[in-house]
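Structural features, examined
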Amino acid sequence: MTLSQSMFPWILLTAAFLFTLGALGVLIRRNPLVVFMCIELMLNAVNLALVGYSSYLNSEEGQVFAFMVIVVAAAEVVVGLGLLTRVFSIGRELDVDDLDEMKQ
Amino acid sequence: MNVLLAVILILAAISALGVVFSSKTIYSALSLVLTVALLAAVFLVLNAQFLFVVQLIVYAGAVMVLFVFIIALLDPTAEDRPRLFDPRLILGVLAVAGLCTAVFIAARNDVTYDTACTTQAVTCMHGYTVGSLAATGDLSADPFHTFGFPENAVDRAGNVQTLANQIFHTYVLPFEITSLLLLVAAVGAVYLTRRVAVGPRRDPQAEERWRDELVEGGE
Amino acid sequence: MLSDYAPILVFLGICILFGAGVPLLSSVLGPRRPSPEKELPYESGIVPSISARRRFSVSFYVTAMLFIVFDVESIFLFPWATIVRQLRVFGVVEMGVFILVLLLGLVYIWAKGALRWD
């Protein structure tokens, strides 16, 4: 236990860094694919925090939640990338600045 | 061991920078693969063996492959420049620095959520002092004890069994709802990709020309 | 506890050494007489028909998508299998419901013809 307790602030720091970096990527990138990857980065950062807390508080629950987050992220990626293929097939350019209507 | 963890965390942070600031989509994707794999290694160090495997199989194995397929399907050579010199970038960098500093200081100083009501454990779940368990080791003082976590629950061997007990006993309903979520994802994706005209637009003449050039160059 | 994984680390190291070392050795030791035919992209011995830098078919995506969904399903089966004896009938019922719901999805996908190539 000494391992995770002394390293716990650093794990949290990395999680916060990855999360805010993902948010930054969502703000500054134009390609929706990269925006998706940045969202994945944010989900992974949350998973890291959950597993870090799980180890720190000596509780299994954090790992269960992290597992559920991974499952939900997989489903989210399937639908999200399906949407992107749809957007592409109706001839729109892949740029989040141009995709500002639900219906063209 | 702490050194190992520190190195993995630093590498993960660096490769995450690659995800956000790469000029090509495919580089972003490959950086994300590296980040995901490094986080899997962190899970292993933190004794979350099951999550380590799940992370590798689902994320590095399946989700990232899907990302690369989509890049190949849409535009393999796509380039995308980040909005540099944009007010949003400055705002974002400030947010990154601010939140990271706040979280780090809070974690270092064992910040409590609400110190005013630590005495009433039942009504004040948020009053639990984050650092107190680590500091005192007094399990009876913290409300989490009422959940009945055995000592060294996470460190115990058989991580898969203990997690499975949680998933299939305590969280049966979320588990069943997950199947609905996956069902919706499968149906949605099939619906969205029905008769999509994105397939390779074959141009027989261009292919012929390309092959001729290749063979001529070879002779 | 973590030292239990030392063999895996050694295995990983040997893999990297072998994977990087053999091409390196063959490029250093082997004779090199390049000819234009040898420089062609390798496509099972035939002359490649089209460039690899083109868009892929959407069928690849549909297959990968279905793979993820059922991959996650099998991920759930693994921890379930470790404690199925303690769960007894309850475990069988809850996993039965789970698989039944996903089976509905499979039937829909099959009926829609998403499993057919092209």
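Owing to the predicted nature of the structure, the values given are computational and were not obtained by experimental measurement.

Side note on the overall build of chain A
Summing up its helical and strand segments, chain A has three helices and zero strands in all. Starting at the N terminus, the α and β elements of chain A follow one another as α-α-α. Residue pairs in contact within chain A that sit at least 24 positions apart in sequence constitute 46% of those at least 6 positions apart.

Considerations on the overall build of chain B
The secondary structure content of chain B amounts to eight helices and zero strands. Taken from N to C terminus, the helices and strands of chain B fall in the order α-α-α-α-α-α-α-α. A burial count over chain B gives 31% of its 219 residues as buried. Considering only contacts within chain B whose residues lie at least 6 apart along the sequence, 41% involve residues at least 24 apart.

Thoughts on unusual backbone geometry
Located in the positive-phi region is B:Asn47, a residue other than glycine, with phi close to 65 degrees. Its location among the elements puts B:Asn47 in the loop between helix H2 (25–45) and helix H3 (49–74). Looking at B:Asn47, the number of C-beta atoms within 10 Å reads 23, which means it is buried. Even without glycine at this site, C:Arg88 takes up a positive phi of about 55 degrees. Owing to 9 C-beta atoms within 10 Å, C:Arg88 belongs among the exposed residues under this scheme.

What to know about the interface of chain B and chain A
Contacts between chain B and chain A engage 78 residues on the former and 65 residues on the latter. Elements with a minimum of two residues in the side of chain B that touches chain A: helix H1 (2–21), H2, H3, helix H4 (87–108), helix H5 (132–136), helix H6 (159–170) and helix H7 (172–192) of chain B. The element that contributes the greatest number of residues to the side of chain B that touches chain A is H3(B), accounting for 13 residues. Partitioning the side of chain B that touches chain A into residue classes produces 59 nonpolar, 13 polar and six charged.

A few points about the domain arrangement of chain B
Domain assignment breaks chain B into domain 1 (1–82) and domain 2 (156–192). In this structure, domain 1 of chain B and domain 2 of chain B have C-alpha centres spaced 23 Å apart.

Section: the nonpolar core
The biggest cluster of nonpolar side chains holds 107 residues, and the ones touching the most others in it are A:Ala74, B:Leu66 and B:Ile70. Domain assignment of the residues forming this core places at least three in each of domain 1 (1–82) and domain 2 (156–192) of chain B.

As for the environment of B:Phe168
With respect to the secondary-structure elements, B:Phe168 resides in helix H6. Residues in contact with B:Phe168, not counting those within four places in the same chain, are B:Phe175, C:Trp80, C:Ile83, C:Leu87, C:Gly91 and C:Glu94.

Looking at the interface of chain A and chain C
The interface of chain A with chain C comprises five residues on the first partner and six residues on the second. The residue inventory of the side of chain A that touches chain C, partitioned by class, reads three nonpolar, two polar and no charged.

Some points on the packing of helix H2 (residues 32–56) of chain A against H1(B)
Packing of H2(A) against H1(B) brings their axes to within 9 Å, and their N-to-C directions diverge by 155 degrees. Accordingly, the angle class assigned to the pair H2(A) and H1(B) is roughly antiparallel. Helix-helix and strand crossings are classified by hand; for H2(A) and H1(B) the assignment is left-handed. The segment H2(A) lies against H1(B), with A:Met37, A:Cys38 and A:Leu41 engaging B:Ala16, B:Val19 and B:Val20. The class makeup of the residues in the contact of H2(A) with H1(B) is six nonpolar, no polar and no charged.

Description of the confidence of the model for chain A
Mean pLDDT over chain A: 84, with 88% of residues reaching 70 or higher. Mean pLDDT in chain A bottoms out at helix H1 (residues 2–28) of chain A, which sits at 84, and peaks at H2(A), which reaches 91.

Remarks on H4(B)
All names here are of chain B. For H4, built from 22 residues, the straight-helix expectation of 32 Å at 1.5 Å per residue is met to within 8% by its first-to-last C-alpha distance of 32 Å. Gly92, Cys100, Val103 and Ala107 are the residues of H4 that are buried. Buried residues of H4, viewed axially, fall in a sector of 70 degrees; they line one side. What points out from H4, more than 90 degrees from its buried face, is the exposed set Pro87, Ile90, Leu94, Ala97, Gly98, Thr101, Ala102 and Ile105.

Describing the confidence of the model for chain B
Any residue range with low pLDDT should be treated as having predicted coordinates unsuitable for detailed reading. Residue and element names in this part refer to chain B. Averaged over chain B, the pLDDT score is 74; the fraction of residues at 70 or greater is 63%. Mean pLDDT in chain B bottoms out at H5, which sits at 44, and peaks at H2, which reaches 92. Counting interchain partners and residues more than four positions distant, the pLDDT-below-50 stretch residues 196–200 has 15 contacts. Interface scoring of the predicted complex returns ipTM 0.90; its pTM is 0.79.

Cut-offs and rules
Residues numbered from 1 in each chain as written. Chains lettered and ligands numbered in written order. Predicted model: local features only at pLDDT ≥ 70, side-chain atom pairs only at ≥ 80, totals over all residues. Helix = DSSP H or I, 4+ residues; strand = E, 2+ residues; numbered from the N terminus. Contact = placed C-beta atoms within 7 Å. Buried ≥ 20, exposed ≤ 12 C-beta atoms within 10 Å, placed from the backbone. Nonpolar A, V, L, I, M, F, W, Y, C, P; charged D, E, K, R; others polar. Domains from an automatic or database assignment. Core = buried A, V, L, I, M, F, W, Y, C linked by C-beta atoms within 7 Å. Axes fitted to C-alpha atoms, helices over the stretch in contact; angles between N-to-C directions. Parallel < 35°, antiparallel > 145°, perpendicular 65-115°, else oblique. Left-handed = near helix turned anticlockwise from the far one by under 90°. pLDDT = per-residue confidence, 0-100. Expected span 1.5 Å × (residues − 1). Arc of directions from axis to C-beta.

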